[in-house]
Every structure is written in C-alpha cells, then in structure tokens.
Amino acid sequence: MQDNGTEVTAAGIARLAGVGRAAVSNWRRRHADFPKPIGGTETSPSFALAEVEDWLRAQGKLAEVPLRERVWQQLAGHPEGPVPALVHAGCALLLIHDRPTVWLELSAGSDERLADLLPASLDQVLDPRFGVIRKRAVDTPTPAQLLPSAPLLRGTADLAAELGARQTYEFLLGRHLDANPRQYTLTPVGLADLMADLAGPARSVLDPACGTGALLRAVTPTKDQQLYGQDSAPELAALTALRLALHTKAALQEKAAVRTAAADTLRADAYDSLRADAVLCHPPFNERNWGHDELAYDARWEYGFPARTESELAWVQHALARLKEGGTAVLLMPPAVASRRSGRRIRADLLRRGALRAVIALPVGAAPPYNIPLHLWVLRKPAPHAHPAQPEVLLADTGELVADGGRGGFDWQVVRTAVLDAWRPFDRGGTAQERPGLSRAVPVIELLDDDVDLAPARHLLPAAAGGGAEQLEDVRDRLGETLRLTADLIPPSPALSAAHEQGGATADPRQPTRWPLTTIGELARGGALLLRTGGNGGRTRVPVLTDHDVLAGTAPSGTLPESDEEPVLTEAGDVVVPVLGGGAVARVVDEATAGAALGRNLALLRPDPAALDPWFLAGFLRGTANNRQASSYASTATRLDVRRLQLPRLPLAQQRRYGERFRALAEFEEALRHAGRLGGQLVRGLYDGLTDGTVTPD
C-alpha cells in the first residue's frame, strides 16, 4: 500500500499524467474533488502522492505511469527528504544485489514486517562491505526509520528487476543530482576517467574529498582492491559508499572493498595510518577556513606550512602524506595555485624534491567553475633517501585542442589522448619530446626563480596559429573563395508581398500582412508535428547537439552523462530551437547532423512532411516579434515557451515558396560565418607568424 506521507508537487503531478503544469492548475480550479494540499507553500503546494494517483486513475488520466517515474516521485517526496530515502534505497539495493533470495522472503509480508526484519539482514550485507567500525558512513537504519520508506523500497526492488541494482541506484542518484545542481560540485565523467588514467592501476585508492564518488568510481577495478573515501558532508559519504559498493565487481565482494568516512579531512583525518597506491582528489577551492590556525604544527606539512589563502596546497600535502613510496596523486587545482606568490616556497620544495611531476592545463569548461582553465597536478611520493631532485617536470596545455568548450561540451577523448601521449613517455623516461603549444618537459632549475610560476602556457613555445606561411596562403585562398561565394548568395532586393501588390492604392506597404495564425502547441496536438525536449543522459554513445552548436552553427560537439534514459535522436528535417538565452534562432537538421542526440535546453520539432515544410517552419520561428511574444524572463535568463510560437496557416505549396527563401538565407548566413572564421584564422596566424618569425614583413 502506498504511504500517504509521500508528497508530490504540481510539476510531479504533471510528469505522472504526461501533461503540462497549466493542466494541473486547471484541474485544481475545475474539480472540487481534486486532492487538497498537505504541505509546501501557497505558491508551490505539495500533495499526497497516493491521493493524487487515486484521483488521476478515477479520472482516466493515469493509464500507466512508468515505473521509474513512480519510484522517483516516491523518493523525491519522501517525508524525511530525498537523501535519507536514497540511503535506504541504496541499502535495499545492496541486499538485492548480494542476497536476492533474502529480499524476496522479507518483502513477502506487510510493510511493518519488512521494516522490523530488514535491519538484521542489512547488517549481514553492510558489515562485510563497510566494516564494523565507529562512525562509518552508512549505519544500518532502524525499523522506525525504514517504515516510511517501505513503499519506496518495494518500488525500487521492482525497478531493479528491470534495470539491475547498480543501474537503478545510478538512475535515482543521477536524477537527484540533476534536480539539485547548486547543492553539489560534480566531477564530469570524462575528467574523472582522465585522472584515474594518470594515476594508473592501483590496489588501494583514496579520495579525501569524495563528494558523490565520481573519482573512485572511475578507478579500474583490480583483485582485492581497497577504495577509501572521506567527505565533510555525511550524506555524500553515505551516498558514495553505497554507489561504490554497488559498482564493485563480483570478485571483490568477499573483501571489505569500500571504506568511507564522514568528517573534515584536514581537521579529522579518518585514515591517518593509510599509505595508498594512489590518491585522487577534487578538493574545495579557495577555502579560508581550512584549519590554518589549529593545524600549524601538523606533520603533514613536509614541504612547508601553507598560508591561509593556500588551502589547495594543504590538500596537495595531505595527498602526499597518504601515499606509499612511489605512489601517485592526481589533484584538480584552480590555475591560481600555480602562480600565487604566497605558495612559491612550497611549489619550489615540491620541485626540488621531485614530488611534483606534471602540471596540465585543461580546456575552459572542463569542470566547475566553468569559466577558468583548471589544472591537473600529478605528484609522486619520493623515497626518503632517494636523489633529492628530478631534473624535469612535464608542463602541458590542452586549451587549444578544444574550441569553445563550455561546460564539458567537447570531445574528452581528444583531450585524454593528448594528455596521456605526453604523460606516459615522460613517466617512463623522465623526459619527453617537446610538442609546441601542447607539452614540454621543463628543467626544474628553469622554474626555480623568484616566482616559481608553474602555469604551463608561460613555458610552452606557441604553435603558429596558421601553421606557417604555406598554410596561411591556403587559408587566404579559401577566404577569397568564400567571400566570392558569399557575394553570390547575397539575397535579392526585398519585394512587396502579394497581399500588398493586390491591394493597390489602399494597401499600406509599411503594415505587415495579417495571416490566420496557429501555434506550435496546437500543431503538436493536431499531429502536424512532434515536439520533444533534450534529455539529461542516455545509454547511446553518440555526438550530442548542444544549444551552443545551434547558436554557432557548428557540428554536434557535446556529450551526455551515462544514464538509463533514452536520448532523443535527431533526424534530417527536424527543426531544433534553443529555449534559453533569448534570440531568434532555429536550425534545420541536415543529413550530416542527423543521428546526433538532442542536448539540454533544446526543443525539437519534427514536422509531418505532408502538412509542414521544415524550412518554412524554421524561418517563421526566427521572427523577432514571434520570439518576443513567446518568451518569459527569469532572474538571469530569457526562456522561450516553444508551444506559444506562432505560424501562419498557409497551403503547403505556399509554405515551400517561403521555405526556399528561408533556405537561401540560411546558406548566406552560414557563408558569412565561415568567412568570419577563416578571416579570424588568417589574422591570428599573421599576427603570430610576424611575432614569432615564421612570416616576414615582405
């Protein structure tokens, strides 16, 4: 039986019924028997999920709710909040994963019986996984805590039967993270994989700021592997522990492979005796209150006591202190750590003693904060009595590999390949061949000046932007050809519309033609087009068309996080519209773009060819007045309600006449874009060539 304590908002009701929020508001006004609010606020009320489902079913508006949506609503509306619900669901999934027959026996009775018997069975799973220690991240819930979660646990078990235990937990956790983006600092999957690759295979791995466990999850599993995580937020430590336990390979299940602790790592290190093979860390940035005053005499500051403004260098030294001799640490750092004067003494000692092996600048948008090019620091624990210095350190800059990255919307494989191709030869031999503009093995003595500046861009010889005089000549020829093509594509002089021509002296050419209009919403309801929105993830690994790609007219460049959602795949003739940021933009998908997944903040319109011409549709959607009347304004952005966009009701033949003109305008616009790109490349290449000597003034 469904627990009435589970609440759902109007947005959740809309998802359950497959309608818009406006429909839910209409139901509340028109139907006196609609369930009354039981919580929330006057402007955002919440309702009992069971009452809502009963009402929708009685009205015939709830034919079939997808199981994953039902489970998510149970979790999101849990009386104790989504995080305790996620912990309870994770515990049950771990029991289902390890001992499925036990779960079947326990779930056969009432909710009360399930809540009473479940803790003892969970102990048999959680203790071997996480150890019998004080202050472990996941404690066995009590019967009183589990009783409100019983309906959720049953639904979660049903979903696990469809998707599997691990995939079910990844879906629920991913949905929670997407619903609360400001609460968590996430490490993108591509970045986590790169950091794990740099660290190499390891039997024991520590993440002292584990967050949601992305870095530890990226580690390649090995036999008898031990994963250690710690986070100051107890809920994150618990979610990470369950996520990793469900992700552990079957061969590791007999060992206590996962240890997570909830405490401030710098002030209360839970693993002070650990010496790990590898440390991976995405620490908090720019923290002033990291423990500077109370940790002045801590033994971890082997390379110097960090200044109050150098919290990141405290994390660097903590990582080194937890490594065994020869172990590797990879940390994500803000770029200022490489050059701030307050940290130059520590940076110098890290170089002199051979602890710092590489500094790698990532493209802008690799991870939050997205507006700066973050760095990866690769460190190695030196032997106590080894030679005191490594002669060279690897500096690399991958920013030029990605054009207009933006929030991870680039090909991580390109970045990963470039970084590993530079790192692996350097790691084996202590030096590597220089690659201008990308990487260089820099002598340590060259860096030990007054600033000890480790920013890679300051030590790399730039690659010529145009590739030399011959390549610049080729760019110049292509630009000339493009400009000639652009001139040929200039639209003809505007002409009066047929309505004005036929109106004679009574028609005012300054007044627009008044057509009978319809809206995208009406066309969608009538079946003339299909309306879809971009998703948050997907199982299919295909390029993703992002809102930036649509605005810039470029090829699909994004990626979607892996999830069990089905991505929306584009087809030739689809019309794609950005819904955020304002501006009148619409793009018709061509054969080259077809098959790409639809990214976030995009709406896809798939017209019926027998009723709508796609170029006619895209052209009228770009009208400034049309966009203005369909837009609303939030605190920081303009949002487009695609359903309110209007189209004239015209016969298909007349639509195609307009469509031909709109297509010609799109070709002219693309030619202008291409000419701009080539012109910028030529100018940049000439500036660089003249300044670096590869091009002469003659």
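Residues numbered from 1 in each chain as written. Predicted model: local features only at pLDDT ≥ 70, side-chain atom pairs only at ≥ 80, totals over all residues. Heavy atoms only, no water.

Peer 1: Just checking my understanding: could you explain the nonpolar core for this structure?
Peer 2: What tends to happen in soluble globular proteins is that the nonpolar side chains get buried as a cluster. Core analysis: the largest hydrophobic core is formed by 89 residues, its most contacted members being Leu 198 and Leu 376. The element that contributes the greatest number of residues to this core is helix 5 (residues 82–98), accounting for 10 residues. Mapping this core onto the domain boundaries places at least three of its residues in each of domain 2 (70–179) and domain 3 (189–288 + 299–458). In this structure, Ala 209, Val 279, Val 316 and Leu 379 belong to the second largest nonpolar core, which totals 42 residues. (Core = buried A, V, L, I, M, F, W, Y, C linked by side-chain atoms within 4.5 Å. Buried < 20%, exposed > 50% of the residue type's maximum accessible area, 1.4 Å probe, protein only. Helix = DSSP H or I, 4+ residues; strand = E, 2+ residues; numbered from the N terminus. Domains from an automatic or database assignment.)

Peer 1: How should the pattern of salt bridges be read in this particular structure?
Peer 2: Here the idea is simple: oppositely charged side chains can pair when their charged atoms come close. All told, the structure shown has 31 salt bridges when counted by the stated rule. Note that Arg 217 and Glu 170 form a salt bridge whose closest N and O atoms lie 3.2 Å from each other. With a gap of 47 residues between them, Arg 217 in helix 12 (residues 214–218) and Glu 170 in helix 10 (residues 165–179) connect regions that are remote in the sequence. Classification of Glu 170 as buried rests on a relative accessible area of 18%. Arg 458 is paired through a salt bridge with Asp 453; the nearest N and O atoms lie 2.8 Å apart. Since its relative accessible area comes to 57%, Arg 458 is described here as exposed. Under the relative-accessibility criterion, Asp 453 is labelled buried at 15%. Residues participating in the shared-partner salt-bridge network are Arg 622, Glu 669, Glu 670, Arg 673 and Arg 677. (Salt bridge = Lys/Arg side-chain N within 4 Å of Asp/Glu carboxyl O.)

Peer 1: Mind showing me how you'd approach helix 7 (residues 111–130) here?
Peer 2: Along an α-helix, residues three or four positions apart point the same way, because every turn accommodates 3.6 residues. Taking 1.5 Å of rise per residue, the 20 residues of helix 7 would be expected to cover 28 Å, and the 27 Å separating its terminal C-alpha atoms lies within 8% of that figure. Bending of helix 7 peaks at approximately 40 degrees at the position of Leu 118, with proline Pro 119 no more than four residues after it. Where helix 7 is concerned, the buried positions are Asp 111, Leu 114, Ala 115, Leu 118, Pro 119, Ser 121, Leu 122, Val 125, Leu 126, Arg 129 and Phe 130. Against helix 5, helix 6 (100–106), helix 8 (143–146), helix 9 (150–163), helix 13 (234–247) and strand 6 (258–262) lie the buried residues of helix 7. Gly 131 lies just past helix 7 and shows a positive phi near 85 degrees. (Expected span 1.5 Å × (residues − 1). Bend = angle between axes of the 7 residues up to and from the residue. Contact = heavy atoms within 4.5 Å.)

Peer 1: Which parts of the structure should I look at to understand the confidence of the model for the chain?
Peer 2: Predicted coordinates in regions of low pLDDT should not be interpreted in detail. When pLDDT is averaged along the chain, the result is 85, and 88% of the positions lie at 70 or above. Under a pLDDT of 50 for its full length, residues 250–256 has, in the predicted model, 15 contacts with residues more than four places off or in other chains. Confidence over residues 499–507 falls short of pLDDT 50; this stretch has seven contacts with residues more than four positions distant or in other chains. (pLDDT = per-residue confidence, 0-100.)

Peer 1: So what exactly am I meant to see when it comes to helix 1 (residues 10–17) here?
Peer 2: Along helix 1, six of the eight residues are buried, which leaves the element largely enclosed by surrounding structure. Where helix 1 is buried, its residues meet strand 1 (7–9), helix 2 (21–30), strand 3 (45–48), helix 3 (49–58) and helix 4 (67–76). Positive backbone phi, approximately 70 degrees, marks Gly 18, located one or two places after helix 1.

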